[in-house]
Each structure stands twice: as C-alpha cells, then as structure tokens.
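Take a look at the letters that make up each chain.
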Amino acid sequence: MTFPRLIAGLSLMLAAASSHAFDFKTVGAAPVVLYDAPSTKGGKLFVVPRGAPLEVVLAYGEWLKVRDVNGDMAWTEAKGLTAKRNVITRVANLKVRATPDDAAAPVFTADKGVLLEVAEVAAGGWVKVRHRDGLVGYVKNAEIWGL
C-alpha cells in the first residue's frame, strides 16, 4: 500500500469514528467494578454506584472500555450496564427550570454531582430531567454530563 493510500484510509476511518454519537450507558441495579484490563483478573480501580452514567468508548466481547464523569477510563463487564439514561450535574447550584427557557421559574436547584434521570431530550439544547424525589424540569446540555 502506498503512503498516500494509507493516509487516505486512516482519514476515512477517523472521519467515520468521529461521526458517531457518544454512547452512554447507566450502571444497573448493582454497583460495577472498573478494571485496568478487560478481565476480572485485572486490577480493580473503582466501584461505580448504581445509576451512574458511563460513556462507552470501546466494546471488546463482553467487556466495555468506559469513561466516567471525571474523564478516567477503565474496563467493566457489559452485563452491569443498562440502556437507561441518567446524567450528572456539572455545575453547582444548577437551576432546573419548569420549561426549556432561561427565564422560566426554577422547579428545584441541584448541586454539582447530583444524579438525574433523563425524561426526554428537548429542542434547543435542553433536556427534561427527573430527580429521584420525583421533581421534573429542564436543564441545558452544557450543564450536565452523560448525553
């Protein structure tokens, strides 16, 4: 293979990879262990609590390489994650609003690191979320992690 063809092939692969949306999963009913390798014989790095979102970076058989809210990457078994969508607040004193509008009245305020369930993705960069206490409102995409 010539060098120009190699470069063209690599460019196509990078373009295809960058066109995919982020794939997020949520830790299921039980906490999951994150390992330094795709095996239970690997070193245990972290325990992630149930409900936490993780970004799937790579799938390798029954193992997933994931990134957490802090940007740390590790491996976990796919069976411990679900397709349910949760997000984590990125800012302190986040105002969760009644409607998807900056001027809307706040329904509640969430501190940085609070876990919220995604109810629906709204238009204009807003997400409808639900707090575990049942309160529902809207936040901006930029104020959360996990989408």
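Rules of the game
Residues numbered from 1 in each chain as written. Predicted model: local features only at pLDDT ≥ 70, side-chain atom pairs only at ≥ 80, totals over all residues. Heavy atoms only, no water. Helix = DSSP H or I, 4+ residues; strand = E, 2+ residues; numbered from the N terminus. Buried < 20%, exposed > 50% of the residue type's maximum accessible area, 1.4 Å probe, protein only. Contact = heavy atoms within 4.5 Å. Phe/Tyr/Trp six-rings, centres within 6.5 Å; stacked < 30°, edge-to-face > 60°. Polar contact = N/O pair within 3.5 Å; in protein donor to acceptor, adjacent residues only side chain to side chain.

1. Some remarks on the side chain of Thr 76
Okay, so step 1: When you line up the elements, Thr 76 lands in strand S6 (residues 73-77).
Okay, so step 2: By relative accessible area, which is 2% here, Thr 76 ends up buried.
Okay, so step 3: Discounting residues that sit within four places of it in the chain, Thr 76 has contacts with Val 32, Val 33, Leu 34, Glu 62, Trp 63, Leu 64, Val 66 and Leu 81.

2. Describing the packing of aromatic side chains
Okay, so step 1: As enumerated under the stated definition, the model contains three aromatic pairs in all.
Okay, so step 2: Ring geometry for Tyr 35 and Trp 63: centres 5.6 Å apart, planes at 80°, overall edge-to-face. Of this pair, Tyr 35 sits in strand S2 (residues 32-35) while Trp 63 sits in strand S5 (residues 63-67), and the two are 28 residues apart along the sequence.

3. Some thoughts on the environment of Arg 85
Okay, so step 1: Mapped onto the fold, Arg 85 is located in the loop between strand S7 (81-82) and strand S8 (86-89).
Okay, so step 2: Classification of Arg 85 as partly exposed rests on a relative accessible area of 27%.
Okay, so step 3: Excluding its chain neighbours within four sequence positions, the residues that come into contact with Arg 85 are Phe 24, Thr 26, Glu 117, Val 118, Gly 146 and Leu 147.
Okay, so step 4: At 2.9 Å, the side chain of Arg 85 forms a polar contact with the backbone oxygen of Gly 146.

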